[in-house]
Amino acid sequence: MSELDQFEIGVGTWAWGDKGVWGYGQGYNDSDLQQTFLAAVDAGVQFFDTAEVYGDGLSETYLGRFMKERPNITFYIASKFMPFPWKISASHLLKSLKASLQRLDLHQLNLYQIHFPMPFRSIETWMEPLAQAVKEGLVKEVGVSNYNRSQMLRAQDALGKHGIPLVSNQVQYSLVRRKMEFNGVLDECKKSGIKLIAFSPLGMGMLSGKYYSQNPPKGPRRIFYFNQLDRIQVLVKQLKEIGEAHGGKTCNQVALNWLLRKGVLPIPGAKSATQIEENLGALGWRLTGDEMTELDEISSTFTW
């Protein structure tokens, strides 16, 4: 049994220090992120997900600094190794892992993941140092990210030869990115006991109701959902109606609850204490079977 099984929700920290996609420094800064962290922890959140490439290491650095604010809390910290083309040997993974640990000021990570199945080296190649990291006590559990079904099974098989389980696959999954339901990843995760961690579970903000074709988000996010915003409004309308039926839940809270009912672990990003409060409002209640069916049907065309 993985330690991940104890969590209903986590916090993704992609935006912590990231200027390219999220515009760090324009509307929010490290002080805001500190308050975001404290709001999450004080509300009972222990699981935080980061990566060496988030903010070019700033995300890990901030998380390491903020954890000192609550020294008596037991955190579950996950990070990721990005297998860039210039990282060609097993030693690069261990070197990157140790650099992440230094930025986080930790001796051991709870979860270490391969960020992408880059084609430059085989999946099996990277499972070797990943298993070594566990054996050396640098990592408790290991996972992958952005792997399809066959890639995930290959990773699981390679790790199994070392007696180490693959505990997770972190993928983009939301009401506007339902590919994981149609390509076999979600079903295989349930079958194999692998936790599916859903990043960008709110469609990078597209499910919030804030954006539409005449008011798209700034930066690259408008490219990610190019020509999708009008289609998404139909879904947003349904989210609002369902939220009202549950005492005024927001679109984001309904969208996160849909994922909870799918049996996955969402890690919505947050840049403010207000966003943390809203995200946690997805807990403690459940959509009905009929509401799940409605949302499944209205989002069924978002198969990418």
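What comes next concerns the included structure. (Residues numbered from 1 in each chain as written. Predicted model: local features only at pLDDT ≥ 70, side-chain atom pairs only at ≥ 80, totals over all residues. Heavy atoms only, no water.)

**What about the pairing of strand E5 (residues 139-145)?**
Okay, so step 1: E5 sits mainly inside the fold: six of its seven residues count as buried.
Okay, so step 2: One ladder, built from five bridges, connects strand E4 (residues 109-114) with E5; its direction is parallel. The residue bridging isoleucine 114 from the neighbouring strand is valine 144, located in E5.
Okay, so step 3: What joins E5 to strand E6 (residues 166-172) is helix H5 (residues 149-160), and the crossover it makes is right-handed. (Buried < 20%, exposed > 50% of the residue type's maximum accessible area, 1.4 Å probe, protein only. Helix = DSSP H or I, 4+ residues; strand = E, 2+ residues; numbered from the N terminus. Pairing = 2+ DSSP bridges. Right-handed = clockwise from strand over helix to strand, strands pointing away.)

**Describing the side chain of serine 174**
Okay, so step 1: By secondary structure assignment, the location of serine 174 is in the loop between E6 and helix H6 (179-182).
Okay, so step 2: Ignoring sequence-local partners within four residues, the contact set of serine 174 consists of Ser200, Pro201, Leu202, Gly203, Leu207, Trp258 and Leu259. (Contact = heavy atoms within 4.5 Å.)

**Some details on the environment of tyrosine 212**
Okay, so step 1: Along the chain, tyrosine 212 falls in the loop between strand E7 (195-199) and helix H8 (221-224).
Okay, so step 2: Take tyrosine 212: its relative accessible area is 37%, and that puts it in the partly exposed class.
Okay, so step 3: Placed 13 residues apart in sequence, tyrosine 212 and phenylalanine 199 show a C-alpha to C-alpha distance of 22 Å.
Okay, so step 4: Not counting residues within four places of it along the chain, the set of residues in contact with tyrosine 212 comprises Leu229 and Gln233.

**Examining helix H10 (residues 251-261)**
Okay, so step 1: The buried fraction of H10 is high, at 10 of 11 residues.
Okay, so step 2: Check the buried side of H10 and you find it contacts H6, E7, helix H9 (229-245), strand E8 (265-266), helix H11 (273-280) and helix H12 (289-298).

**A closer look at the pattern of salt bridges**
Close approach of charged atoms allows side chains with opposite charge to pair.
Okay, so step 1: Per the counting criterion, the structure on display carries 17 salt bridges.
Okay, so step 2: In this structure, the salt-bridge partner of arginine 154 is glutamate 124, at a minimum N-O distance of 2.7 Å. Separated by 30 residues along the polypeptide, arginine 154 in helix H5 and glutamate 124 in helix H4 (residues 123-135) bring together distant segments of the chain.
Okay, so step 3: Owing to a relative accessible area of 38%, arginine 154 belongs among the partly exposed residues under this scheme.
Okay, so step 4: Between arginine 149 and glutamate 188 there is a salt bridge whose closest N-O contact spans 2.9 Å. On the criterion of sequence distance, the pair formed by arginine 149 in helix H5 and glutamate 188 in helix H7 (residues 185-192) is long-range, its members being 39 residues apart.
Okay, so step 5: Residue class for arginine 149 comes out partly exposed when judged on its relative accessible area of 34%.
Okay, so step 6: We classify glutamate 188 as buried; its relative accessible area is 6%. (Salt bridge = Lys/Arg side-chain N within 4 Å of Asp/Glu carboxyl O.)

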